[in-house]
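Here are the chains, one letter per residue:
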Amino acid sequence: MSVIIDFAIFPMDKGESLSPYVAQAIKIINESGLPHTLHPMGSCIEGEWDEVMAVVDRCFKALRKDCDRININFKADYRKGPAGRMARKIASVESKL
């Protein structure tokens, strides 16, 4: 069983350049050990619900130390079955190109 989330977190009170804050979240995601992919508008993370949501929570807690307003967007795709769905979903589409 696994969930894939497409996740973005950023402060809304820190001006135009938000990359230092996004980098804090990416560091937490990297340290989680979960499969993930960074893309221009966020990250995809795969794992069990509780472990993925724990990463989201750690990102939020890290940013709230310095930020008064934080935007968090995510969508989730939960499915029973084996892990590794992120790679399989991409491979399935690419095989049809």
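Residues numbered from 1 in each chain as written. Predicted model: local features only at pLDDT ≥ 70, side-chain atom pairs only at ≥ 80, totals over all residues. Heavy atoms only, no water.

**A look at the side chain of Asn-71**
- Mapping Asn-71 onto the fold places it in strand S4 (residues 70-79).
- The residues touching Asn-71, leaving out its near neighbours within four places in the chain, are Ala-8, Ile-9, Phe-10 and Met-12. (Helix = DSSP H or I, 4+ residues; strand = E, 2+ residues; numbered from the N terminus. Contact = heavy atoms within 4.5 Å.)

**Some details on the packing of helix H1 (residues 19-32) against helix H2 (residues 49-64)**
- At a minimum axis distance of 9 Å, the contact between H1 and H2 shows a crossing angle of 145 degrees. Crossing of H1 over H2 shows right-handed handedness. Counting all contacts with H1, which are made through Tyr-21, Gln-24, Ala-25, Ile-28, Ile-29 and Ser-32, the residues of H2 involved are Val-55, Arg-58, Cys-59, Ala-62 and Leu-63.
- Looking at side-chain class alone, the contact of H1 with H2 contains eight nonpolar, two polar and one charged residues. (Axes fitted to C-alpha atoms, helices over the stretch in contact; angles between N-to-C directions. Left-handed = near helix turned anticlockwise from the far one by under 90°. Nonpolar A, V, L, I, M, F, W, Y, C, P; charged D, E, K, R; others polar.)

**Some remarks on H2**
- In this model H2 runs 22 Å from its N-terminal to its C-terminal C-alpha over 16 residues, within 8% of the 22 Å that 1.5 Å per residue would give.
- Along H2, the residues classified as buried are Val-52, Val-55, Val-56, Cys-59, Ala-62 and Leu-63. Buried residues along H2 cover an arc of 125 degrees about the axis, so they all sit on one side.
- Close packing links the buried residues of H2 with strand S1 (2-11), H1, strand S3 (42-47) and S4. (Expected span 1.5 Å × (residues − 1). Buried < 20%, exposed > 50% of the residue type's maximum accessible area, 1.4 Å probe, protein only. Arc of directions from axis to C-beta.)

**What about the sheet that holds S1?**
- In space, the four strands of this open sheet follow the order S2-S3-S1-S4, with antiparallel pairing throughout. One side of each edge strand has no neighbouring strand; the edge strands of this open sheet are strand S2 (36-39) and S4. Across the sheet, the mean angle separating the axes of adjacent strands is 15 degrees when strand polarity is ignored.
- Where S2 lies against S3, four bridges are found, and the strand directions are antiparallel. Bridge pairing links His-39 to Gly-42 in S3.
- Contacts from H2 reach S1, S3 and S4, with the element oriented near 5 degrees to S1.
- Packed onto the sheet, helix H3 (residues 85-95) meets S1, S2, S3 and S4 and runs at close to 95 degrees relative to S1. (Pairing = 2+ DSSP bridges.)

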